[in-house]
Each structure stands twice: as C-alpha cells, then as structure tokens.
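# Understanding the architecture of this molecule
Residues per chain are reported as follows:
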Amino acid sequence: MVKISDYLRENYIKLSLESKEKEAAIKELAEVFRNDQHIKDFSKFMEDVFEREALGTTGIGLGLALPHARTDVVDAFVIAVGRSEEGIEFGALDGEPVRLVFLMATPKAEVQSYLKILAHLTRILKKESFRASLLEAKTPQELIDCFKKEESIEVA
C-alpha cells in the first residue's frame, strides 16, 4: 500500500506559511524543493505547477489545496506540506480559505503510482479528526507522525 509518510521529510514541511494568496503561497512552499536532487529544473517545475493551476484550482475544499505538476523535469515523486494559520485565498471549490497545502512533483511517466498517492492522500484528508491533528502538530516530525498513525490505522 502507498504511504504518504514514506515521502514526507521534515525539511519539506513549513508549519507557518506567511503568504496570504495562492501564487505566493505556492512559490513560498516550493522553495523547499529548490535544491532537491529529483527536480532537475526548478524554474520549469514552477512553470508546470502554474500551468496546471491555470487549468482549474487545486483548492479542493475543506481547507485543503493540492497544487502539483506531472513533468519531465522531475525523476521521483516529492511532496512538500505547508500550513497557514489564517488561511490562504486559493479560489477553493467551497470558497473557504486554505490552511493545508500539499505541493507535489511527480515524473510524467509515473501516472499510476501518482494517481494512487493522490487518491490515498485525498481519502485520508477527508477525515476531519486527521486534518485537525495536522493543524495542531507543533513540529514537522509531529506532522509526519500524524500521517504514520493514520496510515497504520488504515492498514489494520
């Protein structure tokens, strides 16, 4: 089974995004990827993220946004998590501000594994108690532990 916790790294988690609007928040969070070995061309990756965002908001409701790019400039799946205290205007489907942003980069060729990861992520994020635990996490490691705990429940 796919586990989001396997892909989470403490240095790719920003517990207090400062940006108040979508584009700035995506750029702020993406900075954690700037020197990632799996992203071969950071500028092109950002271009691809915003190209995807232009097709329609990735603010899916429930205070969540899943901006992403499937692109040839990425050679392995990477994910960053950002959290906003006040919320970010994201043009979300429910009109509510976004508090949790999951920025994902995936190789264009890995469609199946990407879709499995995305389906798993959206399924567990629908649980209000899980979202609340992510919003309450005090450290990046605590946030990762929230995923580990939730994913161990799913397997059981």
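Our subject is the structure that appears above.
Below you will find a few notes about this structure. (Residues numbered from 1 in each chain as written. Predicted model: local features only at pLDDT ≥ 70, side-chain atom pairs only at ≥ 80, totals over all residues. Heavy atoms only, no water.)

### Digging into the overall build of the chain
Scanning the chain from terminus to terminus reveals five helices and six strands. For the chain, the sequential pattern of α-helices and β-strands runs β-α-α-β-β-β-β-β-α-α-α. Relative to the compact-globule value of 15 Å for 156 residues, the chain shows a C-alpha radius of gyration of 14 Å, a close match. Burial statistics for the chain: of 156 residues in total, 49% are counted as buried. For the chain, contacts bridging at least 24 residues in sequence account for 71% of all contacts bridging at least 6. (Helix = DSSP H or I, 4+ residues; strand = E, 2+ residues; numbered from the N terminus. Rg over C-alpha atoms; globule rule 2.2 N^0.38 Å. Buried < 20%, exposed > 50% of the residue type's maximum accessible area, 1.4 Å probe, protein only. Contact = heavy atoms within 4.5 Å.)

### Some remarks on the packing of helix α1 (residues 22-30) against helix α2 (residues 42-55)
Contact pair α1 / α2: the axes reach a minimum separation of 12 Å and the direction vectors enclose 145°. α1 and α2 meet at a crossing whose hand is right-handed. Judged by residue contacts, Lys22, Glu23, Ile26, Lys27 and Ala30 of α1 engage Phe42, Met46, Val49, Phe50 and Glu53 from α2. Each residue belonging to the contact of α1 with α2 can be placed in one class, and the counts come to six nonpolar, no polar and four charged. (Axes fitted to C-alpha atoms, helices over the stretch in contact; angles between N-to-C directions. Left-handed = near helix turned anticlockwise from the far one by under 90°. Nonpolar A, V, L, I, M, F, W, Y, C, P; charged D, E, K, R; others polar.)

### Regarding the environment of Leu29
Among the secondary structure elements, Leu29 is positioned in helix α1. Look at Leu29 and you get buried, because its relative accessible area is 0%. In this structure, Leu29 is in contact with Lys14, Leu17, Ala80, Val81, Gly82, Val101 and Leu103, ignoring residues within four places of it in sequence.

### Examining the side chain of Glu28
Tracing the chain through its elements places Glu28 in helix α1. Relative accessible area serves as the criterion here: at 14%, Glu28 is assigned to the buried category. Sequence-distant contacts of Glu28, defined by excluding residues within four places in its chain, comprise Lys14, Ser16, Leu17, Glu18 and Ser19.

### Considering helix α4 (residues 128-136)
Inspection of α4 places Phe130, Arg131 and Leu134 among the buried residues, and these make up the whole buried set. Down the axis of α4, the buried set is contained in an arc of 100°. They therefore lie on one face. In α4, the exposed residues that point more than 90 degrees away from the buried face are Glu128, Ser129 and Glu136. (Arc of directions from axis to C-beta.)

### Here we look at the pairing of strand β6 (residues 98-107)
Where burial is concerned, most of β6 is hidden: nine out of the ten residues are buried. Across two bridges, strand β3 (residues 64-65) lies against β6 in parallel orientation. The residue of β6 that forms the bridge with Ala65 is Val101. Note that strand β4 (residues 68-71) and β6 share four bridges and pair parallel. Pairing of Arg70 across the sheet is with Thr106, part of β6. The pairing of strand β5 (residues 78-88) with β6 spans seven bridges and is classified as antiparallel. Note on β6: the bridge partner recorded for Val81 is Phe102. (Pairing = 2+ DSSP bridges.)

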